[in-house]
Amino acid sequence: MLTDELTLTDHHCHGVVPADLDRPGFEQLLSEGPSGTFDSTIGLAVRRWCAPALDLPPHVGADAYLSHRAELGWRETAVRLLRATGTTSWFLDTGYGGGTADFGALTDGEVREIVRIEQVAEQVIAEVGAGRKVFEQIEARLRARARDAVGLKTIVAYRCGLDFPLRDRPPRAVLPERRLADPDLLGWLVCLGARIGAEYGLPLQFHTGFGDTDLRLHRADPLLLTDFLRNTADTGLTVMLLHCWPFHRNAAYLAHAFAHVRMDVGLTVPYVGHRAQAVLAEVLELAPFRSLCYSSDGYGLPELHYLGALWWRRGLGRLLDEWIADDVITTTDAERLAAGIAHSNAEAAYPSTPAR
Amino acid sequence: MLTDELTLTDHHCHGVVPADLDRPGFEQLLSEGPSGTFDSTIGLAVRRWCAPALDLPPHVGADAYLSHRAELGWRETAVRLLRATGTTSWFLDTGYGGGTADFGALTDGEVREIVRIEQVAEQVIAEVGAGRKVFEQIEARLRARARDAVGLKTIVAYRCGLDFPLRDRPPRAVLPERRLADPDLLGWLVCLGARIGAEYGLPLQFHTGFGDTDLRLHRADPLLLTDFLRNTADTGLTVMLLHCWPFHRNAAYLAHAFAHVRMDVGLTVPYVGHRAQAVLAEVLELAPFRSLCYSSDGYGLPELHYLGALWWRRGLGRLLDEWIADDVITTTDAERLAAGIAHSNAEAAYPSTPAR
Amino acid sequence: MLTDELTLTDHHCHGVVPADLDRPGFEQLLSEGPSGTFDSTIGLAVRRWCAPALDLPPHVGADAYLSHRAELGWRETAVRLLRATGTTSWFLDTGYGGGTADFGALTDGEVREIVRIEQVAEQVIAEVGAGRKVFEQIEARLRARARDAVGLKTIVAYRCGLDFPLRDRPPRAVLPERRLADPDLLGWLVCLGARIGAEYGLPLQFHTGFGDTDLRLHRADPLLLTDFLRNTADTGLTVMLLHCWPFHRNAAYLAHAFAHVRMDVGLTVPYVGHRAQAVLAEVLELAPFRSLCYSSDGYGLPELHYLGALWWRRGLGRLLDEWIADDVITTTDAERLAAGIAHSNAEAAYPSTPAR
C-alpha cells in the first residue's frame with residue numbers, strides 16, 4: 001500500500017509503563033475504563049498483529065502473548081514495537097505517562113514535548129498557594145515551559161467540558177482544589193494557553209471525544225468549541241482536535257469551517273482497529289486534507305503506539321487503494337494526501353525548533 | 001454462516017397483537033410513529049423474508065401478504081414466525097403488549113418477565129392515592145414483583161430524559177398525574193430500581209435511542225446516564241442499554257468504560273434490516289464482546305421478532321465472515337463472540353432462576 | 001444505473017455567482033467556511049467530474065481547470081453544468097444568491113421561488129421600523145410573497161438554534177437589529193411561517209445540519225425540532241429538513257416518526273462526493289422512502305449543482321444496484337424508490353401551481 005513506506009510524525013502520544021505487567025494490569029491498559037479485556041476489537045488486534053511483531057504466531061492466545069512478553073521484558077517489547085511503527089518524530093504529552101528522556105531511551109526517533117497546561121497550573125498552585133500572584137506565576141511558568149515545547153495541550157474536556165467560559169481575566173480567587181475544576185479558572189487558563197500558543201507558534205491540542213470514566217463524553221463534543229474557535233480564528237493560533245470519536249464527523253466539520261483547525265483520530269485508530277478505514281472515510285467526507293495529522297495517542301502499552309501506526313497505514317492505505325481503483329483520486333494525489341497526514345501537515349503546523 | 005445454528009435468548013421483547021390486522025393497522029405497527037408504511041426498509045424486509053416464512057414467494061406485494069396472513073390468522077402467523085426465530089428464552093417486558101401467559105401460548109420457548117418500574121409505580125398510585133405512604137408501597141410492590149422477574153426496565157427516557165436527577169429519597173409529595181412525569185419522583189424510582197436490581201441480582205434495562213413520538217430523542221442519548229453509571233458502578237447492578245440507535249456508538253463507549261454496562265441493538269436491527277451488519281460493525285468498534293446481548297424488541301407484530309432474529313443472524317454472520325476472511329479473527333474466536341451475543345452473555349447477566 | 005435517466009426536481013438550491021472567479025474566489029465557494037481548498041473531497045470531485053463536463057480531461061489540475069473555466073466564461077460554464085444535471089424543475093431559495101430571473105436565464109428548466117422568511121421580516125423592519133404594526137406588516141408581506149412561491153424557508157438554525165421558543169404571538173417589541181436574533185421574535189416568525197405554509201399548502205424548509213461559520217452546529221440538530229413537530233403534526237403543514245449531515249440519521253428518525261416530515265441530504269451530497277452512497281445508506285435505515293427528496297443546495301458555483309446531481313445519481317444508483325444484487329429489493333421497487341426521491345415525492349409535497 002502507498003502508506004507502507006511513509007515515515008510518521010506522531011504528534012500526540014504518551015510514555016509506556018516501565019514495568020512488566022500481569023494479565024489484569026495489561027488488560028486494564030487495553031481500555032480507557034477500569035476493566036479492559038482481550039475480548040474486544042483491540043484485544044484481537046494485539047493477538048493478530050503485535051504477536052508476530054514479537055515473533056509469535058498471529059492470533060496467539062492472550063496468556064501465551066503475555067508470557068512471551070514477560071520473557072522479553074517490558075523494555076525490549078517497547079523498543080521493538082516502537083521502532084516497528086516507522087515513527088521518526090514523537091510529540092509526547094508529558095502530563096501523563098512519563099517524560100521525554102524515558103521515552104527517548106526506548107526509540108531512536110526525535111522526542112519533543114507537549115505541555116499540558118492544567119498540570120502546569122496545578123503544580124504552580126501546589127507550590128505557591130492560592131494567593132493573588134498565582135495567576136502571574138502560572139503564566140510565567142507556562143511561558144517558560146512553552147519555550148522548549150512543540151505544543152500545548154488542554155484536558156478541559158475532562159474538567160468542565162468543552163463549553164468552558166471564555167475568560168480574558170483570571171477569577172478573583174483560586175479555589176483550594178488540587179484538581180482544577182473551577183470553570184472560570186479553566187476558561188481563563190485555556191484562553192491563556194491560546195494566547196501563548198499564538199505568540200510562540202505552538203498549536204494548542206484539545207482532548208475531544210472518548211476517554212476514561214473521568215469524562216462526561218457528551219461534554220467532550222468538539223462542536224462545543226465553536227465560540228472558542230470563532231474567537232481564535234484570526235489570532236494565529238492552530239487548534240488541534242485530538243481523538244474525536246464518536247464525534248469525528250463533527251470535528252471534520254470544524255476543520256472544514258475554520259482554517260486554523262486541525263484534527264486527528266489518534267486513540268480512536270488503535271482501539272477501533274480494522275474499522276480505522278471506515279472511521280477515516282467518515283472524517284474525509286468533509287475535512288480538508290491539510291487538516292489531518294497522524295497520532296497514535298499511545299499510552300502505557302507500546303502495543304497502542306504500534307497498533308496506532310499499523311491501523312493508520314492499513315486503514316488509510318486500503319481506503320486510498322479503493323479510491324484509486326474507483327477513479328476518485330489519482331495515485332499522485334493520493335500519495336500527497338497520505339504524506340500530508342503522515343508527517344507534512346504536522347511539520348507545517350508545529351515549530352521545527354523550540355522557541356527558546 | 002456461523003450464526004445459523006445458534007439458539008437465542010431474546011432478553012427484551014414484547015407480546016403481539018392478538019387480532020387480525022388490516023393494512024393501516026399492520027402498517028402502523030411497522031413504525032414507531034403513527035403512520036408506518038411498507039415503503040421502508042422494514043417493509044421491504046417483511047415482503048422479502050416474512051413472506052417465504054409463511055409460504056409466500058419473496059417480495060410478494062403488501063396486499064397479497066396481508067391477505068395470506070389473514071387467511072392463516074394472527075395466531076398461526078405468530079406461532080410460525082416466533083418458532084422460526086430459533087429463540088429458546090424470551091424475556092418479556094410486560095409493561096406494554098401483554099403478559100407472559102399469552103405470549104407463552106404462542107411459542108415453545110421459556111418466557112420470563114421484565115417488570116417495568118414506571119408501570120408498577122403508576123398502578124400503586126392509582127390504587128392507594130398520593131399519600132405519604134405511597135413510596136413505601138411502591139417499594140414493597142416492586143420487591144414483590146422483582147421476586148418472580150428476570151429483570152427490571154425503565155422508560156425514564158420517555159418521561160424526563162436520561163439526565164434524570166439522582167435521588168436517594170422520594171419527593172415530598174406525589175403529583176396527581178396518571179402518567180408519571182415528575183423528574184424527582186422518576187429519579188427516585190430509577191435509583192430505587194437500581195438498588196432492588198443490585199439486591200436481587202436483576203439487571204436494570206433502560207430504553208435508550210429511538211422510539212415513538214412520545215420521545216424527545218436527544219434526551220434519550222445514553223451518554224446522559226454517565227453520572228448514574230458512576231454512582232452504580234460498584235453496587236453490583238448490571239445496566240442494560242436497549243436499542244441505542246442512532247447513539248449506538250455512544251452506548252458502545254459506555255460499555256467500554258463501565259464494567260457493569262451491557263447493551264443491545266434490539267428494535268434497531270429489525271428496523272434497519274440489511275443495514276444491521278453496518279450498525280453492528282459500529283458497535284463492535286469499542287464495545288467489549290461480553291457486553292453485547294441479543295434482543296429483537298419485537299412488539300405487536302411477530303414479524304418484528306422474526307426480522308430481529310433473522311437480521312441479527314445475517315448481519316453478525318456476514319460481518320464475522322468478513323472478519324475471518326480478512327484475518328481479523330479466528331473462526332474459534334468468532335464462534336465464541338457470536339454465542340456470547342446470542343445467549344451466553346445474557347445467561348451470565350440475568351438470574352437463571354427467580355429470586356423468590 | 002437505474003438513476004441515470006431520471007429527471008430531477010431540485011427542491012432547494014441557490015443561484016450562481018455571475019462573475020469569473022480567481023482561484024481564491026473559487027476555492028472559497030468550495031467550502032462553507034472562509035477558506036475552501038481543492039485539497040478536499042469536493043475539490044477532487046470538481047477535477048474528476050466537472051472537468052470532463054467542460055471538455056477537459058478527468059483529474060486535470062486546479063489551475064488548468066480554472067483557466068479553462070475563465071476562457072469559457074462563468075455564464076457558459078453555468079449553462080453547461082446546470083443543463084448537464086438533468087433537472088427539469090428548480091426551487092430557488094432567493095434569500096441568498098440571486099433571484100429566479102437570473103437563474104432562469106441559465107437553464108431551460110422551470111424555476112420557482114422558495115421565500116426565506118427571516119429575509120422578508122428583516123426587509124419589512126428596515127422599511128417600516130420597529131413600531132407596533134410591524135408584526136402585522138410582516139405577516140401581510142409573507143402572505144403576499146407566499147402567493148407566488150412554491151415553499152417557505154427558515155434559517156432559524158443560524159440565528160438562535162432549532163430549539164427556538166414556540167410562540168403564537170409576537171413579542172412586545174422588535175429589537176433594533178438588522179439581523180434578527182431575538183429568540184422570541186424568531187420563534188413567532190417560524191410559527192407564523194408554519195401557519196401560512198399550512199394554509200397555502202407550502203412546505204416549510206428548515207436549514208439543519210452543517211453550514212457556514214455563522215452556525216453553532218450543535219444547535220442545528222433537527223432533533224431539537226421535536227416539540228415544533230408535535231405542534232404541527234396535525235395542521236396540514238409539511239416540514240422539509242434540509243442538508244442534515246452529520247445528523248442525517250436523526251433526521252431520518254423524525255421522518256419515520258412524523259408523517260408530515262420530509263428530508264434531503266442536499267449540500268451534503270456534493271460535499272461528501274463518493275461518500276454519498278454511504279450517507280444515503282444511513283438515511284435509508286429508518287426514513288420512509290416517501291420522505292426523501294432530492295436537492296443539490298448548489299450555491300455560488302454551478303459545479304455544486306452539477307456534483308449534487310451527479311453524486312446523487314451515482315450514490316443512490318450504486319446503493320440500489322447493491323440492494324438488487326443482494327435481493328433486498330426488486331428492480332421495480334428500486335425504480336419506484338429512485339423516482340420518488342428524484343421528483344415524485346417533491347411533486348406530491350409542493351404545490352403544482354402558485355397559490356395566487
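Check the entry above for the structure.
About the criteria used
Residues numbered from 1 in each chain as written. Chains lettered and ligands numbered in written order. Predicted model: local features only at pLDDT ≥ 70, side-chain atom pairs only at ≥ 80, totals over all residues. Heavy atoms only, no water. Salt bridge = Lys/Arg side-chain N within 4 Å of Asp/Glu carboxyl O. Helix = DSSP H or I, 4+ residues; strand = E, 2+ residues; numbered from the N terminus. Buried < 20%, exposed > 50% of the residue type's maximum accessible area, 1.4 Å probe, protein only. Core = buried A, V, L, I, M, F, W, Y, C linked by side-chain atoms within 4.5 Å. Contact = heavy atoms within 4.5 Å. Buried area = accessible area lost by both parts, 1.4 Å probe. Polar contact = N/O pair within 3.5 Å; in protein donor to acceptor, adjacent residues only side chain to side chain. Nonpolar A, V, L, I, M, F, W, Y, C, P; charged D, E, K, R; others polar. 1 Å grid on protein atoms, 1.4 Å probe; cavity = no way out; pocket = protein on both sides within 12 Å on 5 of 7 lines; lining within 4 Å. Points joined across faces, edges and corners; volume = space filled by probe spheres on them. Least-squares fit on C-alpha atoms with pLDDT ≥ 70 in both.

S.K.: So what's going on with the pattern of salt bridges? Which residues, and what values?
M.R.: Per the counting criterion, the structure on display carries 75 salt bridges over all chains. Residue Arg 23 of chain B pairs with Asp 63 of chain B through a salt bridge whose shortest N-O separation is 3.0 Å. Here Arg 23 of chain B is found in helix α1 (residues 23-29), whereas its partner Asp 63 of chain B is found in helix α3 (residues 62-72), with 40 residues between them in sequence. For Arg 230 of chain C, the salt bridge identified is with Asp 227 of chain C, shortest N-O distance 3.8 Å. Here Asp 227 of chain C and Arg 230 of chain C lie together in helix α10 (residues 226-232), a separation of 3 residues that amounts to about one turn. Among the residues examined, Asp 227 of chain C registers a relative accessible area of 31% and is labelled partly exposed. In the salt-bridge network here, residues are joined through shared partners; they are Arg 249 and Glu 285 of chain A together with Arg 275 and Glu 282 of chain C.

S.K.: Give me the lowdown on the nonpolar core, citing residues and values where you can.
M.R.: In summary, soluble globular proteins display a tendency toward joint burial of nonpolar side chains. Of all hydrophobic cores here, the largest spans 343 residues; its most connected members are Tyr 65 and Phe 228 of chain A, Tyr 65 and Phe 228 of chain B together with Tyr 65 and Phe 228 of chain C. Once you skip the residues sitting within four places of it in the chain, Phe 228 of chain A turns out to touch Phe 164, Leu 166, Val 190, Ala 194, Leu 204, Phe 206, Leu 237 and Val 239 of chain A.

S.K.: Which residues make up the interface of chain A and chain C, and what values go with them?
M.R.: At the junction of the two partners, chain A supplies 28 residues and chain C supplies 36 residues. For the pair chain A and chain C, the summed buried surface comes to about 2800 Å²; carbon and sulfur atoms form 52% of the total. For chain A, the biggest contributors to the area lost against chain C are Arg 249, Tyr 253 and Glu 285 of chain A; these three give 21% of the whole. Here chain A and chain C share 7 salt bridges between them. Linking Arg 318 of chain C and Asp 326 of chain A is a salt bridge whose minimum nitrogen-to-oxygen distance equals 2.8 Å. Where chain A packs against chain C, one counts 20 residue pairs in polar contact (both at pLDDT 80 or more). Those elements that provide at least two residues to the side of chain A that touches chain C are α10 (226-232), α11 (248-257), α13 (276-283) and α15 (331-349) of chain A. The biggest single contributor to the side of chain A that touches chain C is α11 of chain A, with 5 residues. Considered class by class, the residues forming the side of chain A that touches chain C number 14 nonpolar, 4 polar and 10 charged.

S.K.: Explain the layout of surface pockets to me, and be specific about the residues and the numbers.
M.R.: Size it by volume and the largest pocket reaches roughly 1400 Å³. Lining the largest pocket are 44 residues; nearest its centre among them are Arg 275 of chain A, Arg 275, Ala 278 and Glu 322 of chain B together with Arg 275 of chain C. Of all the elements in the fold, those that place two or more residues in the lining of the largest pocket are α13 and α14 (302-325) of chain A, α13 (276-283) and α14 (302-325) of chain B together with α13 (276-283) and α14 (302-325) of chain C. Among the residues forming the lining of the largest pocket, the class breakdown is 18 nonpolar, 9 polar and 17 charged. Looking at the second largest pocket, its volume works out to about 1000 Å³. Lining the second largest pocket are 36 residues, with Asp 221 of chain A, Asp 221 and Phe 247 of chain B together with Asp 221 and Phe 247 of chain C positioned closest to its centre. Put simply, the parts of the chain that give the lining of the second largest pocket at least two residues each are α11 of chain A, α11 (248-257) of chain B together with α11 (248-257) of chain C. Of the residues contributing to the lining of the second largest pocket, the split by class is 12 nonpolar, 9 polar and 15 charged.

S.K.: If you had to explain the relation of the copies chain C and chain B to someone new, which residues and values would you point to?
M.R.: When chain C is fitted to chain B, the residual RMSD is 0.0 Å, and the transformation amounts to a turn of 120° plus an axial shift of 0.0 Å. Expressed as an axis order, the relation between the two copies is that of a three-fold axis. When each C-alpha of chain C is compared by its distance to the rotation axis, Ala 278 of chain C comes out closest, at 5.9 Å. Comparing interface residues between copies, only 4% of those in chain C also sit at the interface in chain B, which points to a heterologous contact through distinct surfaces.

S.K.: Please give an account of the relation of the copies chain A and chain C that cites residues and values.
M.R.: Aligned on chain C, chain A shows an RMSD of 0.0 Å; the corresponding rotation is 120° and the shift along the axis is 0.0 Å. A low fraction, 4%, of the interface residues of chain A reappear at the interface in chain C, so the copies pair through non-equivalent surfaces.

S.K.: Can you break down the interface of chain C and chain B residue by residue, with the values?
M.R.: Counting residues at the interface gives 28 residues for chain C and 36 residues for chain B. In terms of surface lost to chain B, no three residues of chain C exceed Arg 249, Tyr 253 and Glu 285 of chain C, which account for 22% of the buried area on that side. With its nearest N and O atoms 2.6 Å apart, the salt bridge here joins Asp 333 of chain C to Arg 47 of chain B. Counting across the chain C and chain B interface gives 20 residue pairs in polar contact (both at pLDDT 80 or more). Counted by class, the side of chain C that touches chain B contains 14 nonpolar, 4 polar and 10 charged residues.

Worth remembering: the numbers are spatial, not functional.
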